[in-house]
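Analysis of the macromolecular model
Chain by chain, the residues:
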Amino acid sequence: MDLRIFTEPQQGATYDTLLTVAKATEDLGFDAFFRSDHYLRMGDVDGLPGPTDAWITLAGLARETRRIRLGTLMTAGTFRLPGVLAIQVAQVDQMSGGRVELGLGAGWFEEEHKAYGIPFPKEKFARLEEQLAIVTGLWATEAGKTFDFRGTYYELTDSPALPKPAQARIPVLIGGHGATRTPRLAAQYADEFNIPFASIEDSERQFGRVRAAAEQAGRDAGDLVYSNALVACVGRDEQEIARRAAAIGREVDELRANGLAGSPAEVVDKIGRYAEIGSGRMYLQILDLDDLDHLELISAQVQSQLS
């Protein structure tokens, strides 16, 4: 079971804070540092000092880290033209020496689009499908040849399909709870399927849909990585668990039910139950980015039992 650190910087974080967490992620032996792609805070927080851009952040971290994978859960398709996104991600992959992964989703948070003047189209999912075809098509185009695309929403003509990533294939993550279209897109384009904030039962059901869609598409369902993202709140005792829950504005009982909360032994057991239904990777959503002791505890007493 790979453990990855997943952050939500729109809730309030500077680049320097993210750099500190990313370096701790690397030093403590976690597999990867991922971040959300949002421009507006959610819930009852001030979000200060304001948003940071996902791919600018990852470009900086690409030069400041050496081992960990870097990526997004999920880049919003509404924020970037697919040709531009392909350039951005390929460049960051080069800057990292081939450690980038792209999680790409349709975009959903209408308020942040209104706040920053970003168009919020109705037909987001159909656009996402074309975006996936374009981004992966540009990267896969043989050097010296050109890429063309004619879709409902995007047209590319005689694109040189440059630059190329450092990796032969940048892993693409697709995720969500959709019962039909999401599994179909994952079967066609994804290297990893991620389901966020889902129970073991719901995860098993969705993984089954993705496996079925892959087989229907003529693909070995075992080619995909299946993963979960859950909020983490781990403590050595009940007092520490309660303190960490309070720091992120959550209740311990709710976190135990819906996240990875409790003692290290409790969390190891729950991760094991996700592994039993096919999850091979866990994104630990860390909401208090100043609590590096939390990461140290997870590394020493959770990750050590799973590796």
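All of these numbers come straight from a predicted model, not from anything done at the bench. (Residues numbered from 1 in each chain as written. Predicted model: local features only at pLDDT ≥ 70, side-chain atom pairs only at ≥ 80, totals over all residues. Heavy atoms only, no water.)

1. Comments concerning helix α1 (residues 15-27)
Taking 1.5 Å of rise per residue, the 13 residues of α1 would be expected to cover 18 Å, and the 18 Å separating its terminal C-alpha atoms lies within 8% of that figure. Among all positions in α1, only L18, L19, V21, A22, A24, T25 and E26 are buried. The elements touched by buried residues of α1 are β1 (2-7), β2 (32-35), α2 (54-64) and α11 (292-306). Remark: G29 follows α1 within two positions and exhibits a positive phi of approximately 85°. (Helix = DSSP H or I, 4+ residues; strand = E, 2+ residues; numbered from the N terminus. Expected span 1.5 Å × (residues − 1). Buried < 20%, exposed > 50% of the residue type's maximum accessible area, 1.4 Å probe, protein only. Contact = heavy atoms within 4.5 Å.)

2. Description of helix α7 (residues 200-216)
Side chains of residues three or four places apart in an α-helix project in the same direction, reflecting 3.6 residues per turn. The terminal C-alpha atoms of α7 lie 24 Å apart, and with 17 residues this matches the ideal 24 Å at 1.5 Å per residue to within 8%. Inspection of α7 places I200, S203, Q206, F207, V210, A213 and A214 among the buried residues, and these make up the whole buried set. Taken down its axis, α7 places every buried residue within 150° of arc, on the same side. Away from its buried face, by an angle of more than 90 degrees, α7 presents the exposed residues E201, E215 and Q216. Check the buried side of α7 and you find it contacts α6 (181-189), β9 (192-196), β10 (225-234) and α10 (264-276). Two residues or fewer past α7, G218 is found with a positive phi of approximately 80°. (Arc of directions from axis to C-beta.)

3. Concerning the packing of helix α5 (residues 124-140) against α6
Across the interface, α5 lies against α6 with an axial gap of 11 Å and an inter-helix angle of 5°. Looking at the two axes, α5 sits roughly parallel to α6. Here F125, L128, E129, L132, A133 and T136 of α5 lie close against α6, whose contacting residues are R181, T182, R184, L185, Q188 and Y189. (Axes fitted to C-alpha atoms, helices over the stretch in contact; angles between N-to-C directions. Parallel < 35°, antiparallel > 145°, perpendicular 65-115°, else oblique.)

4. Examining the pairing of strand β7 (residues 155-159)
The pairing of strand β6 (residues 147-150) with β7 spans three bridges and is classified as antiparallel. Across the sheet, the residue bridging to F147 is S159, located in β7. Remark: four residues form the turn of the hairpin made by β6 and β7, two consecutive strands paired antiparallel. (Pairing = 2+ DSSP bridges.)

Remember that the coordinates give geometry; whether it matters functionally is a separate question.
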